[in-house]
Amino acid sequence: MSQFVKAVLFDLDGTLIDTAADFVRIIGKISAENGWQAPPETEIREQVSAGASAMVQLMLRYNEQMDLSEETLLEFRQQFLDDYEADICVDSCVFTGLEDVLSALEEKGVPWGIVTNKPRYLSELLLEKMQLDTRCAVLVCPDDVSRPKPDPEPMYAALEKLSIPRGAAESVLYVGDHIRDIEAGNAADMSTILAAYGYIPPEDQHNLKQWGADYIIDTPEQLKKLLLSSGKFDYL
């Protein structure tokens, strides 16, 4: 890995921001409206990185409602997205320890940004609510590319927006909590950090080393230590 880090990029949900509590709340709301039981919080949390459809399907499967028409499934997904947009940031927060990382990067003039599979309208709204929108140097969403992660196209888009040549991609760190994050970062020749504290299902926990990340961190504090205390990076 290059000793000089030109930028640090994050996945959004489950890596930079802990959004699970808001999704748990919304799944609970929709479940109650239909006279259903909400799935356990831990199970909802494990599906966050897989997206809205996965969380809705979990709710329906938990209540034995999988014989619904495709149209009805899409209606539930849209309700989920509409409810989330209307009340997007009640309990979401930056993972403990990562605010120190962001502040340190900013003090050193190292840009940080986000490459996510979350739709742009929701990503922008969340960042605005959390007052991170003016601090984030680059935001790349599926709307901005033809092929989202795990394809490297979003990573290349971030490099272009940051005016970093692809040949210098190794000097960019990408932090994510899903295998597609690591695959996309590796495919773009970035240095990858797997956030094992994120929304990873138990069945994947024993396979994490096989994902091929350059580093695996179990807590946000370990990322802080890696970047701020290890001496590995010469901007510190």
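Residues numbered from 1 in each chain as written. Predicted model: local features only at pLDDT ≥ 70, side-chain atom pairs only at ≥ 80, totals over all residues. Heavy atoms only, no water.

**Quick word on the packing of aromatic side chains**
- A full pass over the atoms with the stated rule returns five aromatic pairs.
- Ring geometry for Phe10 and Trp112: centres 6.4 Å apart, planes at 80°, overall edge-to-face. Of this pair, Phe10 sits in strand β1 (residues 7–10) while Trp112 sits in strand β4 (residues 112–115), and the two are 102 residues apart along the sequence.
- Ring centres 5.8 Å apart and planes at 15° place the aromatic pair Phe23 and Phe80 in the stacked group. Residue Phe23 is found in helix α1 (residues 20–33), and its partner Phe80 is found in helix α4 (residues 70–86); the two are separated by 57 residues along the sequence. Across the pair, exposure class does not vary: Phe23 and Phe80 are buried alike.
- Chaining the aromatic ring pairs together yields one cluster made of Phe23, Phe80 and Tyr84.
- Positioned over the ring face of Tyr156 is Arg166, at 3.7 Å from the centre of the ring. (Phe/Tyr/Trp six-rings, centres within 6.5 Å; stacked < 30°, edge-to-face > 60°. Helix = DSSP H or I, 4+ residues; strand = E, 2+ residues; numbered from the N terminus. Buried < 20%, exposed > 50% of the residue type's maximum accessible area, 1.4 Å probe, protein only. Lys NZ or Arg CZ within 6 Å of the ring centre and 35° of its normal.)

**Notes on the sheet that holds strand β7 (residues 191–195)**
- Pairing is parallel across the open sheet formed by six strands, whose spatial order is β5-β4-β1-β6-β7-β8. Among the strands making up the open sheet, the edge pair consists of β5 (138–140) and β8 (215–217). For this sheet, the mean angle separating the axes of adjacent strands, direction not counted, is 20°.
- Here three bridges tie β4 to β5, and the two strands are oriented parallel to one another. (Pairing = 2+ DSSP bridges. Axes fitted to C-alpha atoms, helices over the stretch in contact; angles between N-to-C directions.)

**Describing the nonpolar core**
- Ranked by internal contacts, the top residues of the largest apolar core, which has 53 residues, are Phe10, Leu16, Phe80 and Trp112.
- Other than its neighbours up to four places away in sequence, Leu16 contacts Phe10, Asp11, Cys93, Val94, Phe95, Leu98, Leu102, Trp112 and Ile114.
- Counting residues in hydrophobic clusters, the runner-up holds 19 residues, among them Leu9, Leu162, Ala169 and Ala184. (Core = buried A, V, L, I, M, F, W, Y, C linked by side-chain atoms within 4.5 Å. Contact = heavy atoms within 4.5 Å.)

**Quick look at the pattern of salt bridges**
- All told, the structure shown has 15 salt bridges when counted by the stated rule.
- Glu99 serves as the salt-bridge partner of Arg135, at 2.9 Å between the closest nitrogen and oxygen. Highlighted residues: Arg135 in the loop between α6 (120–129) and β5 and Glu99 in helix α5 (residues 98–107), separated in sequence by 36 residues.
- The exposure class assigned to Arg135 is partly exposed, which follows from its relative accessible area of 25%.
- When its relative accessible area of 31% is taken as the criterion, Glu99 is described as partly exposed.
- Asp151 is the salt-bridge partner of Arg147, the closest N and O atoms lying 3.1 Å from each other.
- Of the residues examined, Arg147 reaches a relative accessible area of 45% and is grouped as partly exposed.
- On the basis of relative accessible area, Asp151 is assigned to the partly exposed category, the value being 23%.
- Connected through salt bridges with shared partners, the residues Asp11, Lys149 and Asp181 form a single ionic network. (Salt bridge = Lys/Arg side-chain N within 4 Å of Asp/Glu carboxyl O.)

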